[in-house]
Amino acid sequence: MSVSRLHLQLFTPPHTTFHHHHTNHLPSPTLSFPPRRFPIIRASSTSQIIASDSNGAGPGVPPDLGSIEVDAVTETELKENGFRSTRRTKLVCTVGPATCGFEQLEALAVGGMNVARINMCHGTREWHKTVIDRVRRLNHDKGFAVAIMMDTEGSEIHMGDLAGASSAKAEDGQIWTFSVRAFDSSLPLPQRTINVNYEGFAEDVKVGDELLVDGGMVRFEVIEKIGPDVKCLCTDPGLLLPRANLTFWRNGSLVRERNAMLPTISSKDWLDIDFGIAEGVDFIAISFVKSAEVITHLKSYIAARSRDSDISVIAKIESIDSLKNLEEIIQASDGAMVARGDLGAQIPLEQVPAAQQRIVQVCRQRNKPVIVASQLLESMIEYPTPTRAEVADVSEAVRQRADALMLSGESAMGQFPDKALTVLRSVSLRIEKWWREEKRYEATQLPSVGSYFSERISEEICNSAAKMANHLEVDALFVYTKTGHMASLLSRCRPDCPIFAFTTTPSVRRRLNLQWGLIPFRLSFSDDMESNLNKTFSLLKARNLIKSGDLVIAVSDMFQSIQVMNVP
Ligand SMILES: Nc1ncnc2c1ncn2[C@@H]1O[C@H](COP(=O)(O)OP(=O)(O)O)[C@@H](O)[C@H]1O
Ligand SMILES: C=C(OP(=O)(O)O)C(=O)O
Ligand SMILES: [K+]
Ligand SMILES: [Mg+2]
C-alpha cells in the first residue's frame, strides 16, 4: 500500500490555559513544555496503525463492533450516496396534533428531522410529556438521535383558546370585542368575542389604534373602550386561530407601553422550564428575549438544577429589543433562532430579510448555531407543493449557511408534514451542492471567539484543518470531542466535506445534531489518538461507512494536532 500519513502537531499543556492578554508576559506554551514526542510533520505507513487495538488488546483481537452509534437515517444516507453528498443543513420540526403519534414521529425522523420542537404555547404538559417519551422511545428502539427543543410561551399578548373552536372567521366591517374578562371556561364565549391574556390590554390601547393578529393576518381598528372590553372594527378580514399573537400599532409604530415591561420568562414559563429540566430536554428556546441578562440568569438556574447542566439555551430573536442587543444576547446564549413570525409583527416586514442575514452572520462569527424559522413553507399547511417563492426563501437561508431550518405549522398541524420535510431536505441538498460546485468561498471573516490562549490554538487548528480539507479535497473531517466544542469550531468554517464528530456522551451527540455539517457519532474513546483512529476506522469499515483509501483529516480536543491520512 502506498498510503501516506501526515501528522501536524502542536503542543500545549492539556489542562493549562493562558489568558491571551498575558501572553506577552508569559513564555510561549510550546517552549515551556517537554520536547515533542513526534516531529511536527510525519509521514508514516498506515500498516502500523492497524496493528494496535483500541482497548489495549493485542493484534488479532476483534474490535468492539457494537460500540459506535450513528443515526439510522444518516447511516443509510452515507451508504447510499457516499459522504460528500450528505445534507449539511439541519432540520427542526415542530410537533403538534398532526405529528404527535409514534408512527408520525418516526416518519419525520426517517425524513431527516434532527430536532423535534415542542411549543409550550399550545397543549398541556402531559401532552408534551407524551411526545418527549415517544421521541425517546424512537431514539432508543430505532437508533435515531433526535434532540428535543422546548420552546417557552413567553409573555406575549395573545388571544385565548376560542372556547374550543379550531378557528373563527372575521369579516370585513364586523365589530368584535377583545376582552380581558375572566370568562367561564365551561361556557361558549359570547358571539364575536375574543379573550385576551394580558390584563393591561384595555388600559394600554387607545381608540384609533390598529390591532394586528399574527402580525397582520387579520387587522382591526379600536373604536371604543368599555371597561374590560375593547370594541374593534375588522379592516382586513381573515381567520382567527386559537392563541394567535396580538400587537397594537399607533401612528405606524408598535405600541410598547406597560406590555414592554412584561417579564421575558413568566411564572408559567418557569414551571415549563422546570418541566423541561426534569425531562432532560436538549434545548430550551426562550421567546421574546430582550437582553443578555435573562439568558445568563436562566443558564445559571439550569446549571444549579440539572445534573450535568447540559441543556443548551437558544435565544429567540423576535423583538425590537432583541435586535438592539443582538451581539450581547448571542454571546450569552448557546444558539439563536430567527423567529420571523413575531419579528415580522414587531418590525416592518421589509426589514425582516436584512435582520435575518445579520442574525445568521453574528451567530456564525460567535460560533453559535442559528435556526431560521417560521413560514418557510407556509402554503404547505394546506397544499402538497410549495410556492416558488417559498422554495426561494428556503434556498436563501441555506445559501446564508444557517445551521438549521425549522417547520412550524407545516409539521405541527398541516396536512403534509412529511412532504414539507422532503422539500426542506431536497432544497438544502441542491443548494449545498450548487455552492460546492461553484466553489463559492465566502469572504466571511471568522474572528477569534475564545478568551484563553489554548482556545485560540483550538480555533486555529480547526480553521487550518477546514482549509486543508477544502484544498486537499478530503472525504471527511474527523473530530474527537468530549464537549462538542472542537466540532462546533469545525462546523463554523463550513468546510466542503462532512464532519464526523465522535463524542462520548449521548446528550452531546444529540445537541451536535443542530449544527451545520456535523454527523454525530457516539463512541467511547481514550486520550490516545492512535488507538482512537484505529478503533474508528475498523468500526466504520465494518459498517461500510468508510472504505480503504478514503482521505480524512482528524483533529481532537485532547490532543492539539492535525492528522491527514488515508483510511488503511
Ligand atoms: N402542542 C400543540 N397542540 C396543538 N396545536 C399546536 C401545538 N403546537 C403547535 N400547534 C399548532 O401549530 C401552529 C404553528 O405552531 P407554532 O408556529 O409553533 O405556534 P404559533 O403559531 O403559536 O407561533 C400553532 O398556531 C398551533 O395551531
Ligand atoms: C418561532 C416563532 O415563535 P413562536 O412560534 O413560538 O411564536 C416565531 O415567532 O417565529
Ligand atoms: K413559543
Ligand atoms: Mg414567536
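Residues numbered from 1 in each chain as written. Chains lettered and ligands numbered in written order. Predicted model: local features only at pLDDT ≥ 70, side-chain atom pairs only at ≥ 80, totals over all residues. Heavy atoms only, no water.

Caption draft 1: Highlighting the overall build of the protein. Helix and strand content of the protein: 18 helices and 25 strands. Counting across all 568 residues of the protein, residues that qualify as buried make up 55%. Nonlocal contacts in the protein, meaning residues at least 24 apart in sequence, comprise 71% of its contacts between residues at least 6 apart. (Helix = DSSP H or I, 4+ residues; strand = E, 2+ residues; numbered from the N terminus. Buried < 20%, exposed > 50% of the residue type's maximum accessible area, 1.4 Å probe, protein only. Contact = heavy atoms within 4.5 Å.)

Caption draft 2: Just the UniProt feature "domain: Pyruvate kinase C-terminal" (unreviewed entry) in the protein, in detail. On the UniProt side, "domain: Pyruvate kinase C-terminal" (unreviewed entry) is annotated at positions that read residues 459-558 here. Across residues 459-558, the secondary structure splits into 43% helix and 22% strand, with the terminal C-alpha atoms separated by 14 Å. (UniProt positions renumbered as here; feature names shortened; annotations may be inferred.)

Caption draft 3: Up close: the sheet that holds strand 9 (residues 193-195). Spatially, 7 strands are ordered 9-8-12-11-10-14-15 in an open sheet, and the strand pairing comes out mixed. Each edge of the sheet is formed by a strand with only one pairing partner; in this case those strands are strand 9 and strand 15 (253-254). Relative to strand 11 (residues 218-226), strand 10 (residues 210-213) runs antiparallel, the two being bridged by 4 bridges. In the strand pairing of strand 11, Leu-211 is matched with Phe-220. (Pairing = 2+ DSSP bridges.)

Caption draft 4: Structural view of the side chain of Asn-119. Checked against the element boundaries, Asn-119 lands in strand 5 (residues 115-119). Here Asn-119 falls in the buried class, since its relative accessible area comes to 15%. Once residues lying within four places of it in the same chain are set aside, the contact partners of Asn-119 are His-128, Asp-151 and Thr-152.

Caption draft 5: View of the packing of helix 15 (residues 453-472) against helix 16 (residues 485-492). Where helix 15 contacts helix 16, the axes come no closer than 9 Å and their chain directions differ by 45 degrees. The orientation of helix 15 relative to helix 16 falls into the category oblique. In this structure, helix 15 meets helix 16 at a crossing whose hand is right-handed. Between helix 15, through Ser-458, Glu-459, Ile-461, Cys-462, Ala-465 and Ala-466, and helix 16, the contact on the second element is made entirely by Met-486, Leu-489, Leu-490 and Arg-492. Across the contact of helix 15 with helix 16, the residue classes tally to 7 nonpolar, 1 polar and 2 charged. (Axes fitted to C-alpha atoms, helices over the stretch in contact; angles between N-to-C directions. Parallel < 35°, antiparallel > 145°, perpendicular 65-115°, else oblique. Left-handed = near helix turned anticlockwise from the far one by under 90°. Nonpolar A, V, L, I, M, F, W, Y, C, P; charged D, E, K, R; others polar.)

Caption draft 6: Summary view of the coordination of the potassium ion (ligand 3). Looking at the potassium ion (ligand 3), the protein donor atoms are Asn-119 (OD1), Asp-151 (OD) and Thr-152 (O), and they sit 2.7 to 3.1 Å from it. Counting residues between consecutive donors of the potassium ion (ligand 3) along the chain gives the motif N-x31-D-T. Looking at Asp-151, the relative accessible area reads 0%, which means it is buried. (Donors = N, O, S within 2.8 Å, 3.2 Å for Na, K, Ca; no water.)

Caption draft 7: Quick look at the site of ligand 1. In the neighbourhood of ligand 1, the contacting residues comprise Thr-94, Val-95, Pro-97, Arg-117, Asn-119, His-122, Trp-127, His-128, Ser-408, Gly-409, Ala-412 and Met-413. One of the side-chain N or O atoms of Arg-117 is found 2.8 Å from an oxygen atom in ligand 1. Side-chain polar atom of Asn-119 to an oxygen atom of ligand 1: 2.7 Å apart, as the coordinates give it. Relative to its unbound accessible area of 530 Å², ligand 1 is 75% covered by the protein chains. Mapped onto the shell around ligand 1, the elements with two or more residues apiece are strand 5, helix 4 (125-142) and helix 13 (409-412). Partitioning the shell around ligand 1 into residue classes produces 5 nonpolar, 6 polar and 1 charged. (Near = heavy atom within 4 Å. Polar contact = N/O pair within 3.5 Å; in protein donor to acceptor, adjacent residues only side chain to side chain. Areas by Shrake-Rupley, 256 points an atom, 1.4 Å probe, with all protein chains shown as cover.)

Caption draft 8: Spotlight on the pattern of salt bridges. Summed over all chains, the structure comprises 33 salt bridges. Glu-75 serves as the salt-bridge partner of Arg-543, at 2.7 Å between the closest nitrogen and oxygen. Taken as a pair, Arg-543 in the loop between helix 18 (529-542) and strand 24 (551-556) and Glu-75 in helix 2 (residues 72-81) lie far apart in primary sequence, 468 residues in all. Taking relative accessible area as the criterion, Glu-75 reaches 13% and is therefore assigned buried. For Asp-151, the salt bridge is made with Lys-316, and the minimal N-O distance between the two is 2.8 Å. Here Lys-316 lies in strand 17 (residues 312-317) and Asp-151 lies in strand 6 (residues 147-151), a separation of 165 residues in the sequence. The two residues Asp-151 and Lys-316 agree in class, both being buried. (Salt bridge = Lys/Arg side-chain N within 4 Å of Asp/Glu carboxyl O.)

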